[in-house]
Amino acid sequence: MKRMSLTVIAITLFTLGLMNARLAYADNMLHLSEGISLLAINGKTENVDKGLFNKQSRFSLPKGENQILITLTSEIKKGSDIELETSDPAVITFTVTNQTLTLAAPKILTENAMDTFNRELNWTLTNSDGENVVFKTELLPLKGFRLGIDYNEELKKFNRSKKPAAINLNHNLLPIDSGDPAATEQAVILKMLKHWYNIATPETQSRFLQELKNN
Amino acid sequence: MKKIALALAVSAVALSNTAAAATIYDNDGLTFKMKGDWQIQLRDNAEKAKETDVEFDDFEIKNSITYDLGKDLQAFGQLDFSFDREANDATSDSAHLEESYLGLRFASTAVRVGKMNTSADEFGVEAAYEKPFGVGEDQFERIKDAGDDVIRIDAGYAGIRFSASHEVEANDGDAAATDLFMRGDFDLVTVAAAFQNVDNTADSWGLSASFDLGMATIGADYSVSDIDGQSEDDSTTNLVAKFKATETTRVALGLVNYEKNGVDNDAWYANVSYSFPAQKNVKLFAEVSDSDAGDEMDVLAGMQLKF
């Protein structure tokens, strides 16, 4: 009976946790327009799935403040050739609350236009109603040789600075989907267990601890 | 059509996070970029005399240096090498210089001097990987599109791009040539015009237009040359339609009419290109083409890496 009670509690918490997690992510989507590549989400390149044939232009995000690292690649006609020009990596920080947001960039046709874009960073971020969403953006400061850059480290440095687009990446309560469902579920369960324990009365807390001891 | 054993080694070239960026070094106002365009094809050439062969195309390495001089002024230089000739024929010279020039840029205006493409090389809507046999891309590509002693100015403002170049008559025997080119990008429509005068050889001019319809782009160009010593003008007309079949796959269909010395040649081509979503700089492609001047259809398949 006690084991069944604990199991019921765990299942309930698990279900509620999963529902919350799914609700928190499913309603918060970022859509990237053509040419935009996502390098990192909330300080981690591992959060971006780079499968061989994976064409991901839609990403789920946790509710609240988010930070992404992106570049824009454009085809530029030079004589009879087409060259690819890629912008410098830019950090964009914004808040998402049960919305689908679309990130777009102007059409770039020349090298000069790409240089101008790197200076002006005139991205547009809109919601599903076409309304502009406020965001902060600046280039990720990179100096020296650009081979083998560790973007995770560079973003850590950036977020320790006082730059407007820097954020504290520990504020999100719910873990980002790391691609490992088991790890994500357990993290959610732990969070929910702590949540319910904290809001229970002292008597309920005591009974819960006693049941754990007996099991 | 001969059967071709297409042994395409599709190895996903997993480049690092910096792969798409051509910037090698950037600090204290100095930027060094390296770019490349490597392409290899398995091709059944339309010339009957040629067997199916592996062809190397555009094996280029491009080096760009830019110095920020402050107050919106930059100095820049470019050095491009191409290795395709040596790869295709071991008896030919080793890597040849494609472009080498120095210049100054102020805001959106740049002047450069050296070995480079002329302004009229910007003209044209043609979208074939290899020109159909016996036809040219356009009249400028046929008459002159590059020089060793070129002075060129490029300027752009609010969607309008202007370019003018002059090749000095030098001791290497190349005739002096002056090119003018102008292009306007107006949302869904792009129009362009070009003119070229080559001393003692030809005057050429051309017009082009293309329309971006979202999932498809259609374009047309016409160029004509008045060549000294010829009673009739030579001309080239291109029609092209490019489709985005999926996010990663594009298709291009083209028709070419090429008039030379009073002889009319028609040609067509069709190609498909697939860009790997994880690295769009890696592309697989295939093309078929046919022309009145060729003995049979031209068929090719290949892979391209850009960085």
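Residues numbered from 1 in each chain as written. Chains lettered and ligands numbered in written order. Predicted model: local features only at pLDDT ≥ 70, side-chain atom pairs only at ≥ 80, totals over all residues. Heavy atoms only, no water.

J.: Quick question: what am I supposed to make of the overall build of chain B here?
T.: A count of helical and extended segments in chain B gives two helices and 17 strands. When each of the 307 residues of chain B is scored for burial, the buried share is 44%. Across chain B, every contact between residues at least 6 apart in sequence was considered, and the portion connecting residues at least 24 apart equals 46%. In the structure as shown, chain B presents an accessible area of about 14900 Å², 57% of it carried by carbon and sulfur atoms. (Helix = DSSP H or I, 4+ residues; strand = E, 2+ residues; numbered from the N terminus. Buried < 20%, exposed > 50% of the residue type's maximum accessible area, 1.4 Å probe, protein only. Contact = heavy atoms within 4.5 Å. Areas by Shrake-Rupley, 256 points an atom, 1.4 Å probe, with all protein chains shown as cover.)

J.: Explanation requested: the overall build of chain A in the structure shown.
T.: When helices and strands are counted, chain A shows five helices and 10 strands. Burial status across chain A gives 39% buried among its 215 residues. Considering only residue pairs separated by 6 or more positions, chain A has 69% of its internal contacts joining residues 24 or more positions apart. When the accessible surface of chain A is summed, it comes to about 12000 Å², and 55% of that surface belongs to carbon and sulfur atoms.

J.: What exactly am I supposed to notice about the pairing of strand S6 (residues 90-96) of chain A here?
T.: Moving residue by residue along a regular strand, the side chains alternate between the two faces of the sheet. Residue and element names in this part refer to chain A. Across the seven residues that make up S6, a large majority, six, are buried. In terms of strand pairing, strand S4 (residues 64-78) meets S6 through seven bridges, oriented antiparallel. Within S6, the residue paired with glutamate 65 across the bridge is threonine 95. Judged from the five bridges that link them, S6 and strand S9 (residues 135-139) form a sheet pairing that is antiparallel. The residue of S9 that forms the bridge with isoleucine 92 is threonine 137. (Pairing = 2+ DSSP bridges.)

J.: In this structure, what is going on with a negative patch on the surface? I would like to understand it.
T.: Residue and element names in this part refer to chain B. On the surface, Asp203, Asp226, Asp228, Glu232 and Asp233 cluster together to form a negatively charged patch. One can find glutamate 232 in the loop between strand S12 (216-227) and strand S13 (234-244). Classification of glutamate 232 as partly exposed rests on a relative accessible area of 45%. (Patch = residues over 30% accessible without salt bridge, like charges linked within 9 Å, V, L, I, M, F, W, Y side chains within 5 Å. Salt bridge = Lys/Arg side-chain N within 4 Å of Asp/Glu carboxyl O. Lys, Arg positive; Asp, Glu negative; His and termini not counted. Charge placed at Lys NZ, Arg CZ, Asp CG, Glu CD.)

J.: Would you mind going over the pairing of strand S4 (residues 73-82) of chain B with me for this structure?
T.: Residues and elements named next belong to chain B. As defined by bridge partners, strand S3 (residues 53-70) adjoins S4 across 10 bridges and the pair is classed as antiparallel. The partner of lysine 62 across the bridge, within S4, is aspartate 80. Hairpin connection between S3 and S4: a loop of two residues separates the two successive antiparallel strands, and lysine 71 in this loop has a positive phi of roughly 55°.

J.: Just checking my understanding: could you explain the nonpolar core for this structure?
T.: Across soluble globular proteins, nonpolar side chains have a tendency to be buried as a group. Residue and element names in this part refer to chain A. Leu30, Leu38, Ile68, Ile70, Phe94, Leu103 and Trp123 are the most contacted members of the largest nonpolar core, which has 25 residues in total. Secondary-structure elements contributing two or more residues to this core are strand S1 (29-32), strand S2 (36-41), S4, S6, strand S7 (100-104) and helix H2 (111-120). Look past the residues within four positions of isoleucine 68 in its chain and what remains in contact with it is Leu30, Leu38, Ala40, Ala90, Val91, Ile92, Phe94 and Leu103. Core analysis: the next-biggest nonpolar cluster, separate from the first, contains 12 residues, Leu39, Leu155, Phe158 and Ala166 among them. (Core = buried A, V, L, I, M, F, W, Y, C linked by side-chain atoms within 4.5 Å.)

J.: Explanation requested: the interface of chain A and chain B in the structure shown.
T.: Much of the literature gives interface size as the accessible area that the parts lose upon coming together. Each partner contributes to the interface: chain A provides 35 residues, whereas chain B provides 38 residues. Between chain A and chain B, a total of about 3200 Å² is buried, with carbon and sulfur atoms accounting for 44% of that surface. One can count nine salt bridges joining chain A with chain B. Residues Glu34(A) and Lys244(B) are paired through a salt bridge, measuring 2.6 Å at the closest nitrogen-oxygen approach. The interface formed by chain A and chain B contains 15 residue pairs in polar contact (both at pLDDT 80 or more). Of all the secondary structure elements, the ones that give two or more residues to the side of chain A that touches chain B are S4, strand S5 (81-86), H2 and strand S10 (144-145) of chain A. Among the elements that make up the side of chain A that touches chain B, the one with the highest residue count is S5(A) (six residues). Along the lines of polarity and charge, the residues of the side of chain A that touches chain B split into 10 nonpolar, 11 polar and 14 charged. (Buried area = accessible area lost by both parts, 1.4 Å probe. Polar contact = N/O pair within 3.5 Å; in protein donor to acceptor, adjacent residues only side chain to side chain. Nonpolar A, V, L, I, M, F, W, Y, C, P; charged D, E, K, R; others polar.)

J.: Looking at this structure, I do not really get H2(A). What am I missing?
T.: Three- or four-residue spacings in an α-helix give side chains the same orientation, since the helix completes a turn every 3.6 residues. All names here are of chain A. Those residues of H2 that sit buried are Met114, Phe117 and Asn118. One side of H2 holds all its buried residues, which, seen down the axis, span an arc of 100°. Among the exposed residues of H2, those oriented more than 90 degrees off its buried face are Arg119 and Glu120. On its buried side, H2 packs onto S4, S5 and S9. One or two residues past the end of H2 sits leucine 121, with phi positive at roughly 50°. (Arc of directions from axis to C-beta.)

J.: I tried to follow the sheet that holds strand S3 (residues 58-60) of chain A on my own but got confused; where do I start?
T.: Where strands meet in a sheet, backbone hydrogen bonds hold them as pairs that are either parallel or antiparallel. Residue and element names in this part refer to chain A. A sheet is described by the order of its strands in space; here four strands give the open sequence S3-S1-S7-S8, paired in mixed fashion. Unpaired on one side and paired on the other, S3 and strand S8 (124-126) mark the two borders of the sheet. Taking each pair of neighbouring strands and ignoring which way they run, the sheet shows an average axis angle of 20°. Here S7 runs beside S8; their pairing, made up of three bridges, is antiparallel. (Axes fitted to C-alpha atoms, helices over the stretch in contact; angles between N-to-C directions.)

J.: Please explain the packing of aromatic side chains as it appears in this structure.
T.: One pair of aromatic rings is described through two measures. These are the centre distance and the angle between the planes. Residues and elements named next belong to chain B. Counted according to the given criterion, the structure contains 10 aromatic pairs over all chains. These aromatic residues form a ring-pair network of at least three members: Trp38, Phe56, Phe59 and Phe307. A cation sits over an aromatic face here: arginine 105 above phenylalanine 76, 4.5 Å from the ring centre. One cation-aromatic arrangement involves arginine 112 over tyrosine 101; the distance from NZ or CZ to the ring centre is 4.9 Å. (Phe/Tyr/Trp six-rings, centres within 6.5 Å; stacked < 30°, edge-to-face > 60°. Lys NZ or Arg CZ within 6 Å of the ring centre and 35° of its normal.)

J.: What is the right way to look at the pattern of salt bridges in this model?
T.: If charged atoms from side chains of opposite charge come close, those side chains can pair. Using the criterion set out here, one finds 27 salt bridges over all chains in the structure. The partner of Glu85(A) in a salt bridge is Lys33(B), and the shortest N-O contact between them spans 3.9 Å. Highlighted residues: Glu85(A) in strand S5 and Lys33(B) in strand S2 (residues 30-44), drawn from two different chains. On the basis of relative accessible area, Glu85(A) is assigned to the buried category, the value being 3%. Residues Asp298(B) and Arg43(B) are paired through a salt bridge, measuring 2.8 Å at the closest nitrogen-oxygen approach. Residue Asp298(B) is found in strand S17 (residues 298-306), and its partner Arg43(B) is found in strand S2; the two are separated by 255 residues along the sequence. Among the residues examined, Asp298(B) registers a relative accessible area of 2% and is labelled buried.

J.: Mind showing me how you'd approach the side chain of His96(B) here?
T.: The topology assignment puts His96(B) in strand S5 (residues 96-106). Within the structure, the side chain of His96(B) is placed 3.0 Å from the side chain of Glu98(B), a separation counted as a polar contact.

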